[in-house]
Amino acid sequence: MKKNHVIVMLLAVMVLALTSCKGGSAKNGEVVVYNWGEYIDPETITMFENETGIKVVYDEFETNETMYPKVEAGATVYDVICPSDYTIQKMIDNDLLQEINFDNIPNAKNIGAQYYEKSTEFDPGNKYSIPYCWGTVGILYNKTMVDEPIDSWTVLWDPKYKDNILMQDSVRDAFMVALKTKGYSMNTTDLDELTEAKNYLMEQKPLVQAYVIDQVRDKMIGDEAAIGVIYSGEAIYTQRENENLEYVIPKEGTNVWIDSWVIPKNARNVENAEKFIDFMCREDIALLNFEYITYSTPNDAARDLIEDEDIRNSKIAFPDLSQYQNLETYKYLGQEGDELYNELWKEVKSD
Amino acid sequence: MIKKICRNIYLILIFVFLYAPIVTLVVLSFNKSKTRAKWGGFTLKWYGSLFTNEAIMGALMNTLLIALVASVVSTLIGTIACISIMNLNKKMRSVVMGVTNIPMLNAEIVTGISLMLLFISFNFKFGLGTILLSHITFCIPYVILSVMPRMQQLNPYAYEAALDLGAGPVYGFFKVILPEIMPGIASGFLMAFTMSLDDFIITHFTKGAGVDTLSTKIYTEVKKGIKPEMYALSTIIFVTVLILLLLVNYKPLEKRQKTDKEVKEAVKVGG
């Protein structure tokens, strides 16, 4: 009797496992999308489903590093993914992406030329990716807590602001700041340059209040620190909450990051993937997403539709890239490069 | 006197350490402002929008369904495993116990990735089913761990006596063995339930597109900041668990007092 129960239970599990196998029943098939968490206005997905009859299976990831192994292993086959610049390069290198047929994505023309140009740093020839969101990394400071105008990374090494500085707790971002201040490329793998940057970061360490990631936002709003390294996308939001905050792109140059749509090589619904990307590039949809995410949109047509003039002409959301020097995107440094950075960062953190 | 004050201060400190984070979360769930740094006034809107948020509600349903099915199935399998382990000779028993303990000591990420690779090589479609299978897998050792000690305390002669008195093996099991090991099974079930409820890493690697549990859902919100609806949901879960615990702990207390009284009376009568 007991045994029978077990068999029944096991069968129930099997049935459950099988029923979850059934595919989308929408009339025009489905498209499996893998995007950052909270990185789309859910309304636009419903609109897409209603307009095209394609069912969207939507999945989210939190970092490039957790997304990559899942895609590489092929546990789930995705049709559209939205990785960042250096990860796209890594995926191209490892033959995980397919070339996009731009003829099927007419709205791709809405994306500004300067963003395609910047994309060539990780996607030579703009064959594999279409920009979706972008931004810069810069300094967010509290006007009431600093004495002089800020325009340089060197302020992060000013002893005056001891315990009032927030640094990014991620290898590449931390090293980017140090390397840029020293005038080097942020994609360097030269040991001497990196050692110099490491020593510079160690010098800074006693001044830093905390190494954090998304807490920069809340800490700055709450007046808990004077200066923080932050992504431009968060800057508009923080200013809305605390009007004393100001964002600046340092004169030594910084990181320009781009998150773009790509289609993996093993995609099952390429046609639907193209339709999805095209839909996301449509100006009214891009506008909805910009308002939801508040990260800068590379969609020039959508930017023209923004009603609030302050935001449309905001130097924070839409800086003119040609006015700044030494802007770079991250490059994939290979396994050895990654290990070198991690090793040096560990030395900084454990010192 | 001083000793008593010190004792109380120490106790209060422990409570502050344990509950300060939860209190913060509960307070923030009533905060009108989206950022934790500012108090924008009291509101219940996050509780309202929580129940209309399909993504969060779906994740909640998945989490509860998976935890319930996984803990029931793993309790069954684990208990049956215990019965057969008891019937092994001493050497084999320690070998098998060792083997079942390995998955618990194993790093979760290793379990997660190896399950993912296993499912890939068998060409499983990733989804609710694969999460369920992996949760059952990692819950079984915990059930065995809590049922086994009960099993070893059993008096083997009780079962044999039952057989001698004419009970069949099945009847004997249900009448003699099961009631004895029931507390172990119950705690194993609860342990499996909670392990499944808050697992993130293994779920992350074995879930398919579009299927989220609460832990994976919360984790994806890291980049843009966790939504206040999540604070509201966590508050509801916390309060529910608190009420459940109060109910569960209140009853035995009453019963214990009663039995104490009965014992005393029995002693009196006997004396």
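All figures in this text were calculated on a predicted structure; none of them were measured in a lab. (Residues numbered from 1 in each chain as written. Chains lettered and ligands numbered in written order. Predicted model: local features only at pLDDT ≥ 70, side-chain atom pairs only at ≥ 80, totals over all residues.)

## Notes on the overall build of chain B
The condition is simple: Under the DSSP-based scheme used, a helix requires at least four consecutive residues in state H or I and a strand at least two consecutive residues in state E, with every element numbered from the N terminus. Only C-alpha atoms enter the radius of gyration; for comparison, a globular chain is expected to reach 2.2 Å times N to the power 0.38, where N is the number of residues.
Looking only at helices and strands, one finds 11 helices and 0 strands in chain B. In chain B, the succession of helices and strands from N to C terminus is α-α-α-α-α-α-α-α-α-α-α. Relative to the globule expectation of 18 Å for 271 residues, the C-alpha radius of gyration of chain B, 24 Å, shows a markedly less compact shape. Taking the principal axes of the C-alpha coordinates as reference, chain B spans close to 70 × 65 × 35 Å.

## Describing the overall build of chain A
The condition is simple: Around each residue's C-beta, the other C-beta atoms within 10 Å are counted; 20 or more make the residue buried, 12 or fewer make it exposed, and counts in between make it partly exposed. All C-beta atoms are placed from the backbone. In this description, any two residues whose backbone-derived C-beta atoms lie within 7 Å of each other are considered to be in contact.
On a plain count of helices and strands, chain A comes out with 14 helices and 9 strands. Taken over the C-alpha trace, chain A has a radius of gyration of 23 Å; the compact-globule value for 351 residues is 20 Å, and the two agree within 12%. Along the first, second and third principal axes, the C-alpha atoms of chain A reach 70 × 55 × 40 Å. When burial is assessed residue by residue, chain A has 41% of its 351 residues classed as buried. Of the contacts made within chain A by residues no fewer than 6 positions apart, 78% connect residues no fewer than 24 positions apart.

## Notes on the packing of helix α4 (residues 90-105) of chain B against helix α6 (residues 128-153) of chain B
Residue and element names in this part refer to chain B. Quick reminder of the rule: Only the stretch in contact is used when fitting a helix axis, every axis being a line fitted to C-alpha atoms; angles between N-to-C directions are given from 0 to 180 degrees. For classification, angles of less than 35 degrees are called roughly parallel, those exceeding 145 degrees roughly antiparallel, those between 65 and 115 degrees roughly perpendicular, and all remaining angles oblique. Crossing handedness is read from the near helix: turned anticlockwise from the far helix by less than a right angle, it gives a left-handed crossing, and turned clockwise, a right-handed one. The classification used treats Ala, Val, Leu, Ile, Met, Phe, Trp, Tyr, Cys and Pro as nonpolar, Asp, Glu, Lys and Arg as charged, and all other residues, Gly among them, as polar.
In the contact formed by α4 and α6, the axes pass within 9 Å of each other and the chain directions differ by 120°. Our classification of the angle between α4 and α6 gives oblique. Like other packed secondary-structure pairs, α4 and α6 cross with a definite hand, here left-handed. Residue-level contacts link Thr100, Asn101, Pro103 and Met104 of α4 to Phe138, Pro141, Tyr142 and Ile144 of α6. Of the residues assigned to the contact of α4 with α6, the class counts are 6 nonpolar, 2 polar and no charged.

## Here's the deal with the environment of A:Ala113
Within the secondary structure layout, A:Ala113 lies in helix α5 (residues 113-119). Distance from A:Ala113 to A:Val212, taken between C-alpha atoms, is 34 Å for residues 99 residues apart in sequence.

## Some remarks on the pairing of strand β8 (residues 245-248) of chain A
Residue and element names in this part refer to chain A. The test is simple: DSSP-based pairing: two strands are paired if at least 2 bridges between them are found.
The alternating pattern of β8 places Leu245 and Tyr247 on a buried face, while none of Glu246 and Val248, on the opposite face, is buried. Where strand β4 (residues 130-142) meets β8, 4 bridges bridge the pair, whose relative direction is antiparallel. Looking across to β8, one finds that Ile139 is bridged to Val248.

## What about the domain arrangement of chain A?
How big an interface is tends to be reported as the loss of accessible area on association of its parts. Residue and element names in this part refer to chain A. The line we're drawing: For the domains described, the bounds stem from an automatic or database domain assignment.
As assigned here, chain A comprises domain 1 (27-129 + 262-319) and domain 2 (135-256 + 325-350). Look at where the C-alpha atoms of domain 1 and domain 2 centre, and you get two points 27 Å apart. Ranked by the residues each element gives to the side of domain 1 that touches domain 2, the list is headed by helix α4 (residues 85-93), at 5 residues. A class-by-class count of the residues in the side of domain 1 that touches domain 2 yields 6 nonpolar, 4 polar and 5 charged.

## Here's the deal with the nonpolar core
Residues and elements named next belong to chain A. Basically, it comes down to this: The term nonpolar core means buried Ala, Val, Leu, Ile, Met, Phe, Trp, Tyr and Cys residues held together as one set by C-beta atoms within 7 Å.
Counting 51 residues, the largest nonpolar core has Val80, Phe276, Ile277 and Met280 as the members making the most contacts within it. At 6 residues, helix α10 (residues 270-281) tops the list of elements feeding residues into this core. Counting residues in hydrophobic clusters, the runner-up holds 39 residues, among them Val155, Ala174, Ala197 and Leu344.

## A short note on the pairing of strand β2 (residues 55-61) of chain A
Residues and elements named next belong to chain A. Among the 7 residues of β2, 5 are classified as buried, and the element is accordingly described as predominantly covered. Sheet analysis places strand β1 (residues 30-36) next to β2, joined by 7 bridges and oriented parallel. The residue of β2 that forms the bridge with Glu30 is Lys55.

## Some thoughts on the sheet that holds β1(A)
Residues and elements named next belong to chain A. The strand order across the open sheet formed by 3 strands is β2-β1-β3, and the pairing between neighbours is parallel. The two strands at the open ends of the sheet, each matched to only one other strand, are β2 and β3 (80-81). Relative to the sheet, α10 contacts β1 and β3, its axis offset from that of β1 by approximately 50°.

## Remarks on the packing of helix α6 (residues 171-181) of chain A against helix α7 (residues 191-204) of chain A
Residue and element names in this part refer to chain A. The geometry of α6 relative to α7 is characterised by a closest axis approach of 9 Å and an angle of 100° between their N-to-C directions. Between α6 and α7, the interaxial angle falls into the category roughly perpendicular. Contacts between α6 and α7 involve Ala174, Phe175, Ala178 and Leu179 from the former and Glu193, Ala197, Tyr200 and Leu201 from the latter. Classifying every residue of the contact of α6 with α7 gives 7 nonpolar, no polar and 1 charged.

## Topic: the environment of A:Thr46
Relative to the helices and strands, A:Thr46 is located in helix α2 (residues 42-52). For the pair A:Thr46 and A:Val56, spaced 10 residues apart in sequence, the C-alpha separation works out to 8.5 Å.

## A few points about unusual backbone geometry
All names here are of chain A. Positive phi outside glycine occurs at Asn126, with the angle close to 50°. The backbone phi angle of Asn326 is positive, close to 60°, even though this residue is not glycine. Secondary-structure assignment places Asn326 in the loop between α13 (309-312) and α14 (334-350). For Asn326, a count of 14 C-beta atoms within 10 Å corresponds to the partly exposed category.

## Digging into α4(B)
Quick reminder of the rule: A helix is expected to span 1.5 Å for every residue after the first.
Look at α4(B): 23 Å from first C-alpha to last across 16 residues, which is about the 22 Å you get at 1.5 Å a residue. Along α4(B), only 0 of the 16 residues are buried, which leaves the element largely exposed.

## Quick word on the environment of B:Ala37
As for its position among the elements, B:Ala37 is in the loop between α1 (2-28) and α2 (45-52). Residues B:Ala37 and B:Glu160, 123 residues apart in the sequence, show an inter-C-alpha distance of 67 Å. Ignoring anything within four residues of it in the chain, the contact list for B:Ala37 reads A:Asp218, A:Ile221 and A:Gly222.

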